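Here is what each chain is made of, one letter per residue.
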Amino acid sequence: MHAKQMILYIIDVMCKLYTIITLTNNRLKRQKVAQYITITEYAGGFAMKRLEIEAELLKLGAPAGRCGYAQMVSALEFIMQHEEIVSTTNSLYPYVAEQLNTRPPRVERNIREEINAIWSHGNQARLNELFVNRTPYPPGSKEFLYTLARRLKHEHCAKVRA
């Protein structure tokens, strides 16, 4: 591992470990303080921040006030951290559910509803760029998330190289 990659990896680990525990109504509640500075990609020597993922979702027309929005951002971060394709049911949804203190079936439903909202009311020109043979029916969650993650990664690499 190169020194730059190691430094970015250490920053990523520190951001994830930095949480504040507060006592609220006799319950411990975790608050993620560094969620907007979390580095989500360090392979290949570049870093993509959560804000860039959110900016792309907003360009697509994703409604930001829904639970599925935050869950989709976390899912995209997870996908971009792992080069291999992982099982959405066994790996992705449980990871996102743990991060956001909910259950995997709710994550699956919320992401699916967010995709349906983007597909029917979002930026149609941008969707046509992402999905070449676009049908009137929205793609599955896995197809949508992986297509978007790969496009984000390629666009980010092109910006860095330019």
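First, a word on scope: everything that follows refers to the structure included in this document.

### Some points on the packing of aromatic side chains
No. 1: By the definition in use, this model includes three aromatic pairs.
No. 2: Ring centres of F78 and Y95 lie 4.6 Å apart, and the angle between their planes is 35°; this geometry places the pair in the tilted category. With F78 in helix α3 (residues 67–81) and Y95 in helix α4 (residues 88–99), this pair connects stretches of sequence that are 17 residues apart.
No. 3: When the centroid spacing of 5.5 Å and the interplanar angle of 20° are considered together, the rings of F131 and F144 count as stacked. Of the two residues, F131 sits in the loop between α6 (124–130) and α7 (141–161) while F144 sits in helix α7, which places them 13 residues apart along the sequence. Of the two residues examined, F131 and F144, each falls in the buried class.

### Some thoughts on the packing of α3 against α7
No. 1: Running from amino to carboxyl end, α3 crosses α7 at an angle of 65°, the nearest separation of the two axes being 10 Å. Considering only the axes of α3 and α7, their crossing is right-handed. For the pair formed by α3 and α7, the contact residues are M72, A75, L76, I79 and M80 on the first element and F144, L145, Y146, L148, A149, L152 and K153 on the second.
No. 2: Across the contact of α3 with α7, the residue classes break down as 11 nonpolar, no polar and one charged.

### Brief notes about helix α5 (residues 104–121)
Side chains that are three or four residues apart share a direction in an α-helix, a result of its 3.6 residues per turn.
No. 1: The first and last C-alpha atoms of α5 sit 26 Å apart over 18 residues, in line with the 26 Å expected at 1.5 Å per residue.
No. 2: Every buried residue belonging to α5 is among V107, N110, I111, E114, I115, A117, I118 and W119, and all of these are buried.
No. 3: Among the structural elements, α2 (50–60), α3, α4, α6 and α7 are those in contact with the buried residues of α5.

### With respect to the nonpolar core
No. 1: Among the nonpolar cores identified, the biggest contains 31 residues, and L57, M72 and F144 are the most heavily contacted of them.
No. 2: Those elements giving two or more residues to this core turn out to be α2, α3, α4, α5, α6 and α7.
No. 3: Per element, the largest residue contribution to this core is eight residues, and it comes from α3.
No. 4: Other than its neighbours up to four places away in sequence, L57 contacts A62, Y69, M72, V73, L76 and L148.

### A word on unusual backbone geometry
No. 1: Phi angles above zero are rare outside glycine, and N101 is one such case at about 55°.
No. 2: Mapped onto the elements of the fold, N101 is located in the loop between α4 and α5.
No. 3: Assessed through its relative accessible area of 58%, N101 is described here as exposed.

### Notes on the environment of Y93
No. 1: In this fold, Y93 is placed in helix α4.
No. 2: Y93 sits in the buried class, given a relative accessible area of 6%.
No. 3: Expressed as a C-alpha distance, the spacing of Y93 and S74, which sit 19 residues apart in the sequence, is 9.7 Å.
No. 4: Apart from the residues within four sequence positions on either side, Y93 is in contact with T88, P104, V107, E108, I111 and S141.

Cut-off values and rules
Residues numbered from 1 in each chain as written. Predicted model: local features only at pLDDT ≥ 70, side-chain atom pairs only at ≥ 80, totals over all residues. Heavy atoms only, no water. Phe/Tyr/Trp six-rings, centres within 6.5 Å; stacked < 30°, edge-to-face > 60°. Helix = DSSP H or I, 4+ residues; strand = E, 2+ residues; numbered from the N terminus. Buried < 20%, exposed > 50% of the residue type's maximum accessible area, 1.4 Å probe, protein only. Axes fitted to C-alpha atoms, helices over the stretch in contact; angles between N-to-C directions. Left-handed = near helix turned anticlockwise from the far one by under 90°. Contact = heavy atoms within 4.5 Å. Nonpolar A, V, L, I, M, F, W, Y, C, P; charged D, E, K, R; others polar. Expected span 1.5 Å × (residues − 1). Core = buried A, V, L, I, M, F, W, Y, C linked by side-chain atoms within 4.5 Å.

Take it as geometry only, folks, not as evidence of what the structure does.
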